[in-house]
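# Understanding the architecture of this molecule
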Amino acid sequence: MGCEVCVLTEDECVILHKLAERTSLYLSRSEEIEICDRITSIKRFFSQLDEVNVEDLKPLYHVLEVSGKTREDNPEPFPAEEIRRSLKGRFRDDYVVAPWKGGYD
Amino acid sequence: MIQAVKVSLEVLNDRLDPYDHLEEILDKINRWEPKVNAYAYVENMGKLKEDLGRQLKRKGRLSGVIVAVKDNISTSWMPTTAASRMLSGYIPPYNATVIEKLLYEGAVIIGKTNMDEFAMGSTSENTPYGPVHNPWCLDCTAGGSSGGSGAVLAYGGADLALGSDTGGSVRLPAAYTGTVALKPTYGTVSRYGLIPYANSLEQISPMARTVKDLALLYNTIKGDDPRDSTTLGVEQEYPIDRVDPGKTRIAVIRELMDGVDEGILKIFWNTISLLESHGFTIDMVSIKSLRYSLPAYYVIAMAEASSNLARYDGVIHGNRVKECRGYWDCAAKARGEYFGVEVKTRILMGAYVLMEGYSREYYVKATKLRRLIRDSLAKLFKDYQAIISPVSPILPPKLGEKLEDPVKMYTMDVMTVTANLAGIPALVQPAGIISGFPIGIQWMGPVFSESRLFGLASIVEDEVGVITPLQ
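Residues numbered from 1 in each chain as written. Chains lettered and ligands numbered in written order. Predicted model: local features only at pLDDT ≥ 70, side-chain atom pairs only at ≥ 80, totals over all residues. Heavy atoms only, no water.

## Details of the nonpolar core
As a reminder, the rule being used: Definition used in this section: a nonpolar core is a set of buried Ala, Val, Leu, Ile, Met, Phe, Trp, Tyr and Cys residues joined via side-chain atoms within 4.5 Å. The buried label goes to any residue with under 20% of its type's maximum accessible area, the exposed label to any with over 50%, and the partly exposed label to all in between, with areas taken from a 1.4 Å probe on protein chains only. By the criteria applied, helices consist of DSSP H or I runs no shorter than four residues and strands consist of E runs no shorter than two, each listed in order from the N terminus.
Among the nonpolar cores identified, the biggest contains 176 residues, and Phe46 of chain A together with Leu102, Ile110, Phe118, Leu377 and Trp443 of chain B are the most heavily contacted of them. If you tally residues by element for this core, the top one is helix α9 (residues 293-308) of chain B, at ten residues.

Here it is as structure tokens:
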């Protein structure tokens, strides 16, 4: 990402290069410039959170606060007969044919 | 145009020819779609007639009812692309649970509606199908991300529609298109088969033209689902309550009134006067933490988006690029090629707020604020039975106006994200028209208060009337 094209600091720019790499995103030069500007604007927007003190509170990751709720594990043959019928013609050697360039050739 | 609640009854009693009804809707689609672009895909006439014939035999509560479905809800016989080039041509191998429920009740799915890519947007412009135009003002946005579903209902291109709501994505389009929408209590509708964006916030959500139709669709799709561990295991009906004004206190929250357009305010205060004339007690209250709900929401949504969209690598999930070498090269090129700029921005920012050294400053802080907001609202609901607010601070913007600066677009959600953070239900309905634009109001209530919200909305609807479909 071109550090000279936006107002991110050198360190932040390095981080963004790293992020693009870690999130497996190839960015074109024009996108680098556009995204750099957008990120600067969003970071400024997020800095509003600095105004509020929530030190004493516990995080709430999920509004339901449930964990470990899983359905019973009832193994079924894959694909189920119903799915197999609905996908007629899209199987090869018992595997579902994945799309390729928007088609199923 | 006949209400969805009456279609099934009339069809089953031979008073309405379901094929004529289907043709009436297709005629509207043919007339409006070249201008509005609300559908990403419409099933062909022959297949629809075949589907209708089969569905009529079910004699369910939606027999003969025509439903449009947002393009991020899985249908095993139609493309489901979430308006992303990453998924172009994808036909899921299974139906979403909500689709199974609709089919069980005899509905006909007519097509998939246009939307912002992966539901990331508030204007329905971030889409490879081209922007959705608002039927009320063709140069304006229809709101987003379920703008296609709202626009289709506004011109009569379906009886009912499904959208999804992560931060206001059915409510903003409803407000901008003069239709009604409900973001249900988190966990009352299965998300199985919804292409995920931000799991802890989003819900598949019903949209309609009348409150009765909205209640019908919600009662059809709600319920526990063993395939979605976040459904609540609550099996109850949500009829339209008859609300007693003497026992119902309504709150107006000061923090949700900041910077609102004058026209919108005029309609809002007219609605308050109307409710007071019915005998409701309405008070202005303040919840200071709501000033931070918008940045807190976007931090959480982007963090979850970054994680959810990691699956699209062009190898196992999503379309491949033609030339690449090895897994990482193929993944980076596919993601670079097929994701739009808004999606890329959110993935990068999501990864950023989760990074060691930054997560405490952003993500953890946002989740703490989420607790504060949820608890503050729970406290408010001990004294008040509902909250009323505007839906958006501004009238529908012109197409292209909000695309440049993402934060400008995010501020359109300032009044809607609170319900998603707190998991509470929120209903939007039209409350009037000003300068040719429909103006919506929003109702919020405690968890599982959908029946009460339907009741309150019915009172306003009886006074204001139904303003769609457009001719």
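Here the narrative resumes.
## Digging into the packing of helix α2 (residues 29-46) of chain A against α9 of chain B
Here is the rule: Structural elements are reduced to axes, namely lines fitted to C-alpha atoms, with helices fitted over the stretch in contact, and the angle between N-to-C directions of any two is expressed from 0 to 180 degrees. By definition in this entry, angles of less than 35 degrees are roughly parallel, angles greater than 145 are roughly antiparallel, angles of 65 to 115 are roughly perpendicular, and the rest are oblique. Note on contacts: a residue pair qualifies if any of its non-hydrogen atoms lie within 4.5 Å across the two residues. In this count, Pro and Cys sit with the nonpolar residues alongside Ala, Val, Leu, Ile, Met, Phe, Trp and Tyr, while Asp, Glu, Lys and Arg are called charged and the others, Gly among them, polar.
Where α2 of chain A contacts α9 of chain B, the two axes come as close as 9 Å, and the packing angle between them is 125 degrees. Classified by the angle between their axes, α2 of chain A and α9 of chain B sit oblique to one another. Residues Ile42, Phe45 and Phe46 of chain A of α2 of chain A form the contact with α9 of chain B, whose participating residues are Leu294, Pro295, Tyr298, Val299 and Met302 of chain B. Partitioning the contact of α2 of chain A with α9 of chain B into residue classes produces eight nonpolar, no polar and no charged.

## Some words on the environment of Arg58 of chain B
Residues and elements named next belong to chain B. To keep things clear, this is the line we draw: Distance and chemistry together define a polar contact, namely a pair of N or O atoms within 3.5 Å, with one atom able to donate a hydrogen and the other to accept it when in protein, and with adjacent residues in sequence counting only for side-chain atoms on both sides.
In this fold, Arg58 is placed in the loop between α3 (45-56) and β2 (66-70). Between the C-alpha atoms of Arg58 and Ile282, which are 224 residues apart in sequence, the distance is 46 Å. Those residues in contact with Arg58 that lie beyond four places of it in its chain are Ser63, Leu103, Tyr104 and Gly106. In this structure the side chain of Arg58 is engaged in a polar contact, spanning 3.2 Å, whose partner is the backbone oxygen of Leu103.

## What to know about α3 of chain B
All names here are of chain B. Applied cut-off: Expected span of a helix, by definition, is 1.5 Å for each gap between consecutive residues, and there is one gap fewer than residues. What the arc describes is the spread of directions from the helix axis to the C-beta atoms.
Look at α3: 16 Å from first C-alpha to last across twelve residues, which is about the 16 Å you get at 1.5 Å a residue. Restricting attention to buried positions, one finds in α3 the residues Leu48, Asp51, Leu52, Gln55 and Leu56. End-on view of α3: buried residues confined to an arc of 125 degrees, all on one side of the axis. At the N-terminal end of α3, a side-chain oxygen is found 3.1 Å from the backbone nitrogen of Gly46, two or three residues along, and the residue is Asn44.

## Quick look at helix α2 (residues 18-36) of chain B
Residues and elements named next belong to chain B. Under the convention used in this document: Bend at a given residue is defined as the angle between two axes, one fitted to the seven residues that end at that position and one fitted to the seven that begin there.
For α2, with 19 residues, the first-to-last C-alpha span of 25 Å sits near the 27 Å given by 1.5 Å per residue. Its maximal kink placed at Asn30, α2 deviates by approximately 30 degrees, while the proline Pro34 follows within four residues. For α2, the side-chain oxygen to backbone nitrogen distance between the N-cap and Tyr19 is 2.8 Å, and the N-cap itself is Asp17. The first or second residue beyond α2 is Asn37, which carries a positive phi of 60 degrees.

## Side note on the pattern of salt bridges
Pairs can form between side chains of opposite charge once their charged atoms are near each other. The following threshold applies: We count a salt bridge whenever a side-chain nitrogen from Lys or Arg sits within 4 Å of a carboxyl oxygen from Asp or Glu.
All told, the structure shown has 17 salt bridges over all chains when counted by the stated rule. Between Asp258 of chain B and Arg291 of chain B there is a salt bridge; the shortest N-O distance is 3.1 Å. Residue Asp258 of chain B is located in the loop between β9 (249-253) and α8 (262-277), and its partner Arg291 of chain B is located in the loop between β10 (281-285) and α9; the two are separated by 33 residues in the primary sequence. Note on Asp258 of chain B: relative accessible area 43%, which makes it partly exposed. Through salt bridges that share partners, Arg38 of chain A together with Glu342 and Arg346 of chain B make up one connected network.

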